[in-house]
Every structure is written in structure tokens, then in C-alpha cells.
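Results of the structural survey
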Amino acid sequence: MSDPALATVFEPSEDGDDPELVQLLTPEGERREHADYSCDLDDEAIRGFYRDLVLTRRIDTEATALQRQGELGIWAACLGQEAAQVGSARAMLPQDFAFPTYREHGVAWCRGVDPLYLLGLFRGVDQGGWDPRETGFGLYTIVIGAQTLHATGYAMGLQRDGVVGSGDETKDAAVIAYFGDGATSQGDVNEAFIWASVFNAPVVFFCQNNQWAISEPIERQTRIPLYQRALGFGFPGVRVDGNDVLACYAVTQAALRRAREGSGPTFVEAYTYRMGAHTTSDDPTRYRLNDELDRWKAKDPIARVKAYLDTSKAADDDFFDGVARESDEIATHVRDGCLSMPDPSVLSIFDHVYAEQTPELAEQKEQYAAYLSSFEGAH
Amino acid sequence: MAQLTLAKALTNGLRAAMEADPKVLIMGEDVGKLGGVFRVTDGLQKDFGEDRVIDTPLAESGILGTAVGLAIRGYRPVCEIQFDGFVYPAYDQIVSQVAKLHFRSQGKLPMPIVIRIPFGGGIGAVEHHSESPEAQFAHTAGLKVVAVSNPVDGYFMIQQAIASDDPVVFFEPKRRYWEKAELDETTAPPPLHSSRVVREGTDVTVLAYGPMVKTALEAALAAAEEGRSLEVIDLRTLSPLDMGPVTESVRKTGRAVVVHEAVVNLGMGAEVAARITESCFYELEAPVMRVGGFDTPYPPSRVEEEYLPNLDRVLDAVDRSLGY
């Protein structure tokens, strides 16, 4: 908080007793009860979360390193936001659909998207190679907030397909729109809230409030806690500890259920922190202080799950060793796969501009191919 | 055979498309009970229901943004932008999302979205209600852009645009909504992206689209009285352009005049002129002339008749062409 007077407005209380903040696992790794949300997961599921969190962080760390070595043009790290992403994504059913920003690497992981596809985008070999319909995971959206409208439209499609509130749990579906605190200032996001509200669309607006929109702090976007905005649009808003994977799971699960049942949208504000730079091109030392970072380090989303698994003896050394091994394997996969990624042919850029190719574009391609071939054998 | 206005022909075309494919939706402001401010969607909500003819909140970006999501879900939204000058709030969704998603997804996410825009002036409207922004969309890769000039094309082209798996920006000349023509629904229409010679001639080729086709034809009639033979081509498709009939005509006449309401600077006429120069350089007897709006914002309506190309300004350009 660059303005201490606003701190009490935005921040949940530090003692963990804030009734407006859903927390089911403290930074120390202790389970807590909440009147409205409970986590019905067994230890095996929590071990699964731990694995997701560790592997997401490893993919992210490896990608940052590859950018530093010149193998990626840029990378937007999700460091510190893994719990918000894994918890919310694991609450999705296969038939649900997520519309991400460009930072949802943990959601991509949970939806079964090979991390190499994410690297392909940031390396510049394509603009997202995964199949959105197969994975239920939309393309990364760079324009801030645009995807919230796509999510709402998709949700309206679900309504028209009769897969909302039908009572058939194998079919009823919902949508999650991911976005950040900066995006809440965008017109598109506010339009999406209005549309979802008046059409009662089955969409969960999942805002990762990571406190920073590049260099701009949250108080440049809002003068009330974000989750309270939902009331003005006519649907519930809830604030959850975004570094608590159990709470993120429970709150998103409830919101998705509500949406699938036909009861409309929910706004979830996952209160978290962007531990890294906005992207690898950013320099946060120019606009924020280290003690803020240190304060959030103590709330690390992985450390608290590890602490819980340790103290409750829900996991043994074999488990942790296994996850560490898997983490090394995925790092190798990411590194080797990135380095061996072929560049696209320039002639391929003509192929998917249109579903039905135009004669003039076909001609441009042909002419450029002839131009290129005129150099063959020139050296 | 029935005489139909352009507005009614579009209504009938939309109705036919909705009957043919249950995935076709109509979305826009006032398109439901009111039937649109120009009544183009008249009666459709009554017959197809509120789930398929959607009165949207007043947010153009929202119309296009949700259309993208519906298209990803397999729907074919037909979005109405109430007036040309109101499309700009949706510009980002159109240019950055609708136009690019097929490309970005390498063909996995087609965007079969039609964006209907009543465009052009001549109806005495207040500002933002008379603009011609077609070049801005034709300049955007990934979009297809067409303009209709008459009821027959209106009936067929709207159905062809809806059947297209590519996004089509569909310009309707609002001052011609009430022009009538006979429509035989059983005739086979030409392809959507084709230009057509609508009047044959030998001296000068006049190229127009949308509202200016009628003006060009009137100019050709007047010129004929003076013994000059104008060939008039309705471009119909602005992106892609269909230069085949244009090239053929200009090789014959050696002269070309392009007419549109939009400002001349970087308008469609500039592209058409460049292409004619590339394909007909040795046959040209004169530079390609452009007649259009002046490079000003659309003026107050009391002077719009001076701003808009009319018969005299078209004939003046014809004279200048013949003067070479």
C-alpha cells in the first residue's frame, strides 16, 4: 500500500479473523473452519494440490530462466499466484470452460495443456497452439479484460444449449473468466458484469487481485474492496485468501455449482500478490518496496500446504521426493522442448487468416513463395 | 412478383437464415420488440423467441465480445450496430478478437459473426449517424467486408454472409432502406465476394458500392443524354476486392472513376485506384479519379447534400477523366 490511509479499506485483517476473507488454511499450515465454505477434500486431494502447485511453480521458474537466456521473447510469471489458479481450476468439471489472461499457467496445467504451448506463444512460434475446445481452456488474451465478455457470451451459449440448471450433473456446465485487479477498470469487464447479471449467465468472474497492474497499485483502480463491487451489479461477491489453495477451491466450487444450477454469476476476488515482476521486461524495484515483498513471502501458497502435510503427517518423504523428481522431469521437458521448438515457416502465416481463403491472399502467398525461391542457390 | 424495400428484403433474408440454421442468433440494441430502429429485424423476435433475437444492454463492445464467446460455443451471431458512428466502442473486439481469433488459433476457432452496420448519410441525421467507416474494416486482415446497394442483393447477401465461416462486416446504405425492387427468391445469386457490372458502357468505368451505386446509375443516365457511355460496376465486396470485372472494364474504357461517401483520403477508392494502375497501366488514358466525401468530419446535415457525392460531382469527374 503506497497510501497507508487506504490500507484498512483494502486489506483483510492480518490476524486471520477477518469475516470477509475466506481462509481455510493459514500461512502456518493450520486448517480453519468457515461458516459458509468448507473444504470436503481428503489428504490425497490436498497432496494433489501440493503437486500442482509445485509443478506450476517449476514450469514458471523454468520459463523465466529461459527468457533470461534469450530463448523466450518475454514471460509473464505467475509466481505467488499458484494457489489462486490451481484451487479455482481444480474446482472446474471437464465440461466447464476457462477464459484466461496471459498469466494463467497454473490453470493451463490443471486443464491438461502442455506447458510447451505456453512457451511457444512467448517464444514467438505461434499465438497459442492448444485446442481451446478440447481442453476447455481459451487462448491467452493479451488485451486486458476482453476475455470476460467472451466468457459471458460462451456462458449464454451454454444457456441456449440447455446445459444450465438441467439437473444433469454430467452435463450442466459453467464458465470461469480470469482477470486481474487492473482489468476491473476496463469497460469490457464492467460490460461483462452487466451482461452476466441481466442474462443470469453461468459465469464465475475470478479476479486475482495481485495488488499491482504493472506499476500501478490497487488504489489507482478502486476506492472500495473489489469484491464489494459485485453488489452494484446485482450478484454476490466474495473475497478469498488467494494464497490458500483450499479456500480458493471451496469458494470457486460453490460459485461454479451456483452457476451450473442456473443461479447466475459470482464475483470472486482472490486476494494475492504478484511476487515477481509484471513480465520479464518489468523492473518492480522502481515502484514498490522490498518489505512488502517480504511480508507476502511469509504467506507463500506452497509453504503452507507443505506445513500442513508435514505437521498432519499426511505426506511422507517418499511423496515429497516423488514430487521433486517429477518437478525435475517437467523442467527438463520444458527446457528441451523449448530449445527444440521449430520456427514456423513464414508462408504459414497466410493460411489461417480466413476460414475460406481469399484469392488475393492466396496470390500474395504465391508471389512471396516465388520471391523466396528466387534466392535459392544464390549463396 | 413482389416489390420489396431493401429493409424488408434484409428482414426476409434474416428470417430465411434463421429458419435454415438454429444456431443463427440476432443481437443488438432494440432489435427485439421494436424490430430495430430501421425495422430490419421486425417480427423476428416474435417468431424466433428472445433466446434467438436478443435485445442487448447498450454496450457495443459487449455485443461483439459476447458474440465471440457465442461463436466459440458454436453459434452464428448476427450483430446489429445501430448506426455507423456507434461501432467504435466495439472496435477493439472487432479488430483484436473477431478478426484475429481464427488466425491465432490456427483455424481451431472460426468466427462466423456478421456485423450489420447501417451506414452513410443523406437522411438529415444528427452527428455520428451518417458515417462511412468501411475502409477501417477493409484495412483489417481477418475481416471480410461487403456493402449492399439494392433489395435483391440485400436478400441474398445477408444469407451468404451468415453462412460464411469468416466474420463479415455488412454495410447497409441507410438512405436506400426504402428503395424497392422486384425480388425472385428462387434465382441463384452470384457469389458473395463478387463485383458486378450493373450498366454496360464504353467510355468511362464508374465504380461504386452501397448508396453510391444508385447515384452512379443516375449519372450514367444523364451522361447518356450527352452521348457519353458510362459503364457502372457495383463493387459489392470491399474485402476481398473482386478486381476481375473491374480490370476487364477498365481495359475496355481506359478510364475509371471511383465513387464513395467516405472521405477520399485512404478510402476504398485509393486501393481500387492503385490496383487498377497495377493491372491496367498500359490501357489507362487518364489517372483514376476519386469522388468522395471531403477530408472533414461528417458535416451538419444542412450541408450534407454538398458533402456527399452527387450526380454532378460524378459527371465532373467523368469530364476530367475524358479531358486527358
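Data block above holds the structure.
Described below are features of the structure shown in this document. (Residues numbered from 1 in each chain as written. Chains lettered and ligands numbered in written order. Predicted model: local features only at pLDDT ≥ 70, side-chain atom pairs only at ≥ 80, totals over all residues. Heavy atoms only, no water.)

**With respect to the overall build of chain B**
- The helix and strand inventory of chain B stands at 12 helices and 14 strands.
- For a compact globule of 324 residues, the expected C-alpha radius of gyration is about 20 Å, and chain B comes in at 19 Å, within 12% of that figure.
- Taken along its principal axes, the extent of the C-alpha atoms in chain B is 60 × 40 × 40 Å.
- Counting across all 324 residues of chain B, residues that qualify as buried make up 62%.
- Relative to all contacts within chain B whose residues are 6 or more apart in sequence, the contacts with residues 24 or more apart total 82%.
- With an accessible surface of roughly 12,100 Å², chain B has 51% of that area assigned to carbon and sulfur atoms. (Helix = DSSP H or I, 4+ residues; strand = E, 2+ residues; numbered from the N terminus. Rg over C-alpha atoms; globule rule 2.2 N^0.38 Å. Buried < 20%, exposed > 50% of the residue type's maximum accessible area, 1.4 Å probe, protein only. Contact = heavy atoms within 4.5 Å. Areas by Shrake-Rupley, 256 points an atom, 1.4 Å probe, with all protein chains shown as cover.)

**Details of the packing of helix 1 (residues 6-20) of chain B against helix 7 (residues 151-163) of chain B**
Residues and elements named next belong to chain B.
- One can describe the packing of helix 1 onto helix 7 by two numbers: an axis separation of 8 Å at closest approach and a directional angle of 30°. Accordingly, the angle class assigned to the pair helix 1 and helix 7 is roughly parallel. Relative to helix 7, the crossing made by helix 1 is right-handed. Here L6, A9, L10, N12, G13, L14, A16 and A17 of helix 1 lie close against helix 7, whose contacting residues are P151, G154, Y155, I158, Q159 and I162.
- Of the residues contributing to the contact of helix 1 with helix 7, the split by class is 10 nonpolar, four polar and no charged. (Axes fitted to C-alpha atoms, helices over the stretch in contact; angles between N-to-C directions. Parallel < 35°, antiparallel > 145°, perpendicular 65-115°, else oblique. Left-handed = near helix turned anticlockwise from the far one by under 90°. Nonpolar A, V, L, I, M, F, W, Y, C, P; charged D, E, K, R; others polar.)

**Overview of the packing of aromatic side chains**
- According to the stated counting rule, one finds 40 aromatic pairs over all chains in the structure shown.
- Measuring from ring centre to ring centre gives 5.7 Å for Y91 of chain B and F137 of chain B, while their planes differ by 65°; the resulting arrangement is edge-to-face. Linking Y91 of chain B in helix 4 (residues 91-98) with F137 of chain B in helix 6 (residues 134-138), this pair joins segments that are 46 residues apart in sequence.
- Grouped by ring-pair contacts, the aromatic residues F179, F193, F205, F233, F235 and F267 of chain A constitute a single cluster.
- When the ring centre of F320 of chain A is taken as origin, the NZ or CZ atom of K306 of chain A, which lies over that ring, is 4.3 Å away.
- Looking at K23 of chain B, its charged tip hangs above the ring of Y75 of chain B, at a distance of 4.4 Å from the centre. (Phe/Tyr/Trp six-rings, centres within 6.5 Å; stacked < 30°, edge-to-face > 60°. Lys NZ or Arg CZ within 6 Å of the ring centre and 35° of its normal.)

**Section: the side chain of E60 of chain B**
- Along the chain, the position of E60 of chain B falls in helix 3 (residues 60-72).
- If sequence neighbours within four positions are ignored, E60 of chain B has contacts with E29, I81, F86, P89 and A90 of chain B.

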